[in-house]
Amino acid sequence: MSEPKASTPTPGDMYKGWLFKWTNYIKGYQRRWFVLSNGLLSYYRTQAEMGHTCRGTINLATANIAVEDSCNFVISNGGAQTYHLKASSEVERQRWITALELAKAKAVRMQAESDDSGDDCSTSSPPPSGQGGGARNSEVQSTLRTLGSKVEDLSTCNDLIAKHGSALQRSLSELEGVRLGGETGDKIRQVTERATLFRITSNAMINACRDFLALAQAHSKRWQKALQAEREQRVRLEETLEQLAKQHNHLERAFRGATVLPASQASPAGEAKGSASVKGDASDEDDENEFFDAMEDVAEFITVPADPKYHKRSGSNISGISSEIGMDDQSLDEQSLASNPESPQSQEVEPVRKRRARIPDKPNYSLNLWSIMKNCIGKELSKIPMPVNFNEPISMLQRLSEDLEYSELLDKGAKCQSALEQLCYVAAFTVSSYSTTVHRTGKPFNPLLGETFELDRLRESGYRSLCEQVSHHPPAAAHHVISERGWTLRQEIAVASKFRGKYLSIMPLGSIHCIFEKSNNHYTWKKVTTTVHNIIVGKLWIDQSGEIDIVNHRTGDRCHLKFAPYSYFSRDVARKVTGVVADKEGKAHFVLSGTWDEKMEFSRVMQSSRGGENGAEGKQKTVYQTLRARELWRKNPLPEGAETMYYFSSLALTLNEPEEGVAPTDSRLRPDQRLMEDGRWEEANVEKQRLEEKQRSVRREREREAARTANSAEEAIIEDSITDSPLKSTHQDSYKALWFERCEDPATGEATHIYKGGYWEAKEQGSWEACPDIF
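Since the model is a prediction, treat every value here as computed from it, not as a measurement. (Residues numbered from 1 in each chain as written. Predicted model: local features only at pLDDT ≥ 70, side-chain atom pairs only at ≥ 80, totals over all residues. Heavy atoms only, no water.)

Regarding the pairing of strand β27 (residues 751-755)
Phase 1: In terms of residue burial, β27 counts as a mostly covered element, since four of its five residues are buried.
Phase 2: Bridge analysis of strand β26 (residues 740-744) against β27 gives five bridges, and the strand direction is antiparallel. Residue pairing in the sheet places Glu744 in a bridge with Ala751 of β27. (Buried < 20%, exposed > 50% of the residue type's maximum accessible area, 1.4 Å probe, protein only. Helix = DSSP H or I, 4+ residues; strand = E, 2+ residues; numbered from the N terminus. Pairing = 2+ DSSP bridges.)

Here is the structure:
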């Protein structure tokens, strides 16, 4: 096991031996032959494979080496390559760790000095198989030897300069203490000689530096060309991979549409296997899909296709199943809504005006995030002064209004006769609100206190929406939507955020309410946590994780949604969402599944039962027998050129469009946001600082006014809020919202802001005297 080999004359030390490598849950750890050479760790099934088949290679220059216990250790490059390894003993594991760390240090040093370069012959034909690697290594070693000799010349010159400089300094010191006399001439000649030696040595060093610089520049040009070629090749590969994925998806859909699969083939396990195949190491064993320890939670339930007889029988013919569950699931089919003369589709009216479909492209401004965030770890994001370079030209109020991107789901829910069916549409609407965030890594503007945003889509979509920033510390926004199609939506969202170094967590606080007029069903739910990854290094990406309980306060029905966090080790599809719709007795009626960035489907539950002891930690999973899944919601495609327009959706592109008649506190009129949208970011930063200082000045004046009118006890409390005591962050000043009032919610009992009316009447009259001057 893992016997080290003697050093070879080839460049770089080599270390070989047997280790156990984790493959999957069925086979566990398997014995593999590992070879460490030239900063690369490769492995084979047997020693005989070294001449023809490599099962996988990882570059130690970019890898992380972590020790788990006395024998186990992990090597990962932060991407798809992760090796879970086990040595035969603690001593053997330490030998490997030492060899790996030394190889990694050497690889990092070599990468810093010179890249892998077969660049001189990049335009020529590739070398024959088996000779290319040796030619590249020979050239790299030749370059390294040349650079090394130049470095040695520089080092020698540096020693000489130090030696002669010290002697010159001593001579000068002696010259200062010598009185003018006969020996003055000798001392002066001595100083002159040493100065001459110093000058000659300095010239030699300068010449050596020039030679070194010229050599480095010559190689730098080739490396830059090679790097550009690699980037272009990567782009081409990504485009090819995307086309292949689309073709695979189309073929799979065509196959499913043309073929009726048996129940054993249509099970979710088959889909999980297919999705997992792209997550393993592409260069790993040919016929073995390799999976590592799962980092995500185990699925709470299992769905299997129901017996075909359930598709043909009515509820009265199925024993033990209610008539509601036994009915065919056509009641949720969109055709029933399309045939309804009162359906939203039949009420659509031509827009009052043609909305814009483009905004100015995002400028390519670079900024070091770490230079700003390194002193802000653990602080709330709302208290960190951020330049507009990290923003998108939209406010948090407008981002909150984006939840209405798929308001037609609530329109369909308002037409449902069954509360359980209606709950399915509410759940789909809940998930759809996250679909616009998948590429949106920019931070929205923090609204100023008293800032508002109206979204009047009465003619196009039948609703009117109003948001107002009702609190600044902590930041909170109230939102109210009234629809002519039979529903009302209201919410108050306060955002708590923490910067953790590698990622940023955003925790929305507060409840969302949806009330349907016809049935008087009142639903409430809360949002999940949003996480922004790779804050310091790498490409930013967004993940949603957590659980949502949607409760119907009239009937007691409940929908439990689970947003699975992304994991490199998961065999499930990314951004997965699952859910179960149950009545107040806990009996499941529908199963929901999909992803929060693409689509959601539902299946009617025909029967449910406890499974065997195959769950996590021996827990029993619930097995649901369901009818064929139907699509409930699908994300709209992004507009053309969205990647240069902050990945805005079609609705988001219109939110900041100038509009007449809005309140003077509307986000559309915010100058720094408008300047950023126009691409004038430097001016936007100046304007942003002005508005924030104006807001702080207004707040201080408001607190002083409140202090003058309060009694002595109240004065002491307010005085604490003005100082830098901890009370300041939680103290609520005398500000009162203009269009919302704070009261106790009748459904949840929480203190929240509820719309008190008057905004749309003021807009019709053009009377905005009550609006504060915040811009």
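Examining the state of the cysteines
A disulfide bridge is the covalent bond that connects two cysteines by way of their sulfur atoms.
Phase 1: Under the defined criterion, the tally for this structure stands at zero disulfides.
Phase 2: Not engaged in a disulfide, the cysteine Cys416 finds its nearest cysteine sulfur in Cys424; these two sulfurs lie 8.2 Å apart. (Disulfide = S-S within 2.5 Å.)

Observations concerning the sheet that holds strand β3 (residues 40-44)
Phase 1: Pairing in this open sheet of seven strands is antiparallel, and the strands run β4-β3-β2-β1-β7-β6-β5 from one edge to the other. Each edge of the open sheet is held by one strand with a lone partner, namely β4 (56-59) and β5 (64-67). Taking the axes of each pair of neighbouring strands and ignoring which way they run, one obtains an average angle of 35° across the sheet.
Phase 2: Sheet topology note: the strand β1 (residues 14-24)/strand β2 (residues 28-37) ladder contains ten bridges and is antiparallel. By the bridge assignment for β2, Gly17 is matched with Phe34. (Axes fitted to C-alpha atoms, helices over the stretch in contact; angles between N-to-C directions.)

Quick notes on the packing of aromatic side chains
Phase 1: Across all of its chains, the model carries 17 aromatic pairs by this definition.
Phase 2: Plain terms: the ring middles of Trp22 and Tyr29 are 5.3 Å apart, the flat faces sit at 70° to each other, and that makes the pair edge-to-face.
Phase 3: Its relative accessible area of 11% is what places Trp22 among the buried residues.
Phase 4: Each ring, one from Tyr434 and one from Phe563, has its centre 5.3 Å from the other, and the planes form 70°; the classification is edge-to-face. Of this pair, Tyr434 sits in the loop between α11 (419-432) and β10 (443-445) while Phe563 is found in strand β20 (residues 558-563), placing the two residues 129 residues apart along the sequence. Exposure class is identical for Tyr434 and Phe563. Each is buried.
Phase 5: Following the ring pairs from residue to residue traces out a cluster consisting of Trp739, Tyr759, Trp760 and Trp768.
Phase 6: Here the basic side chain of Lys86 rests over the ring of Tyr29, its NZ or CZ set 4.4 Å away from the ring centre. (Phe/Tyr/Trp six-rings, centres within 6.5 Å; stacked < 30°, edge-to-face > 60°. Lys NZ or Arg CZ within 6 Å of the ring centre and 35° of its normal.)

Structural notes on the pattern of salt bridges
Phase 1: If you walk through the whole model with that rule in mind, you get 35 salt bridges.
Phase 2: Measuring nitrogen to oxygen at the nearest pair gives 2.9 Å for the salt bridge that ties Glu49 to Arg55.
Phase 3: We classify Glu49 as buried; its relative accessible area is 10%.
Phase 4: Taking relative accessible area as the criterion, Arg55 reaches 7% and is therefore assigned buried.
Phase 5: Asp773 serves as the salt-bridge partner of Lys694, at 3.5 Å between the closest nitrogen and oxygen. Taken together, the residues Lys694 in helix α14 (residues 681-709) and Asp773 in the segment after α17 (759-765) connect sequence positions 79 residues apart.
Phase 6: Given the relative accessible area of 61%, Asp773 is considered exposed.
Phase 7: Linked by salt bridges that have partners in common, Arg355, Glu460, Glu659, Asp666 and Arg668 make up one network. (Salt bridge = Lys/Arg side-chain N within 4 Å of Asp/Glu carboxyl O.)

Focus on unusual backbone geometry
Phase 1: Look at Asn38: it is not a glycine, yet its phi comes out positive at around 55°.
Phase 2: Tracing the sequence through the fold places Asn38 in the loop between β2 and β3.
Phase 3: Unlike most non-glycine residues, Asn520 shows phi in positive territory, near 60°.
Phase 4: Mapping Asn520 onto the fold places it in the loop between β16 (512-516) and β17 (522-525).

Some words on the confidence of the model for the chain
Phase 1: Of the residues in the chain, 73% have a pLDDT of 70 or more, and the chain-wide mean is 77.
Phase 2: For the stretch residues 721-732, pLDDT sits under 50, and the model shows 18 contacts to residues farther than four places along the chain or on other chains. (pLDDT = per-residue confidence, 0-100. Contact = heavy atoms within 4.5 Å.)

Details of the nonpolar core
Phase 1: Counting 64 residues, the largest nonpolar core has Leu489, Trp525, Ile550, Leu561, Phe563 and Leu592 as the members making the most contacts within it.
Phase 2: With sequence-adjacent residues up to four places away left out, Leu592 is seen in contact with Cys424, Ala427, Cys559, Leu561, Val577, Thr578, Gly579, Val581, Met600, Glu601, Phe602 and Leu632.
Phase 3: Among the nonpolar cores identified, the runner-up in size contains 20 residues, and Tyr15, Leu85, Ile97 and Ala103 belong to it. (Core = buried A, V, L, I, M, F, W, Y, C linked by side-chain atoms within 4.5 Å.)

Details of α14
Phase 1: Here α14 is 29 residues long and its end C-alpha atoms lie 42 Å apart, about the 42 Å a rise of 1.5 Å per residue gives.
Phase 2: Among the residues of α14, those classed as buried are Trp681, Ala684, Asn685, Glu687, Lys688, Leu691, Gln695, Arg699, Arg702, Glu703, Ala706 and Ala707. (Expected span 1.5 Å × (residues − 1).)

Points about the side chain of Glu677
Phase 1: Examined against the element boundaries, Glu677 turns out to sit in helix α13 (residues 671-677).
Phase 2: Looking at Glu677, its side chain comes within polar contact range of the side chain of Arg356, at 3.0 Å. (Polar contact = N/O pair within 3.5 Å; in protein donor to acceptor, adjacent residues only side chain to side chain.)

Regarding the side chain of Asn24
Phase 1: Residue placement: Asn24 occurs in strand β1.
Phase 2: Given the relative accessible area of 11%, Asn24 is considered buried.
Phase 3: A distance of 3.0 Å separates the side chain of Asn24 from the backbone nitrogen of Ile26, its partner in a polar contact.

Section: the environment of Cys71
Phase 1: Within the element layout of this structure, Cys71 appears in the loop between β5 and β6 (72-76).
Phase 2: Among the residues examined, Cys71 registers a relative accessible area of 19% and is labelled buried.
Phase 3: Along the sequence, Cys71 and Glu92 sit 21 residues apart, while their C-alpha atoms lie 8.0 Å from each other.

Quick notes on the environment of Ala652
Phase 1: Note on placement: Ala652 falls in helix α12 (residues 650-655).
Phase 2: For Ala652, a relative accessible area of 3% gives the class buried.
Phase 3: Placed 295 residues apart in sequence, Ala652 and Ala357 show a C-alpha to C-alpha distance of 9.6 Å.
Phase 4: Once residues lying within four places of it in the same chain are set aside, the contact partners of Ala652 are Ile394, Glu402 and Arg440.

As for α11
Phase 1: Between its first and last C-alpha atoms α11 spans 20 Å; for 14 residues at 1.5 Å apiece the expected length is 20 Å, and the two agree.
Phase 2: α11 sits mainly inside the fold: 14 of its 14 residues count as buried.
Phase 3: Where α11 begins, one side-chain oxygen reaches toward the backbone nitrogen of Leu420, 3.3 Å away; that side chain belongs to Ser418.

A short note on the pairing of strand β7 (residues 82-86)
Phase 1: β7 sits mainly inside the fold: four of its five residues count as buried.
Phase 2: By the bridge criterion, two bridges tie β1 to β7 in an arrangement that is antiparallel. By the bridge assignment, Lys21 is partnered in β7 with Leu85.
Phase 3: Summarising the sheet, β6 and β7 pair through five bridges and their orientation is antiparallel. Its bridge partner being in β7, Ser76 is matched across the sheet by Thr82.

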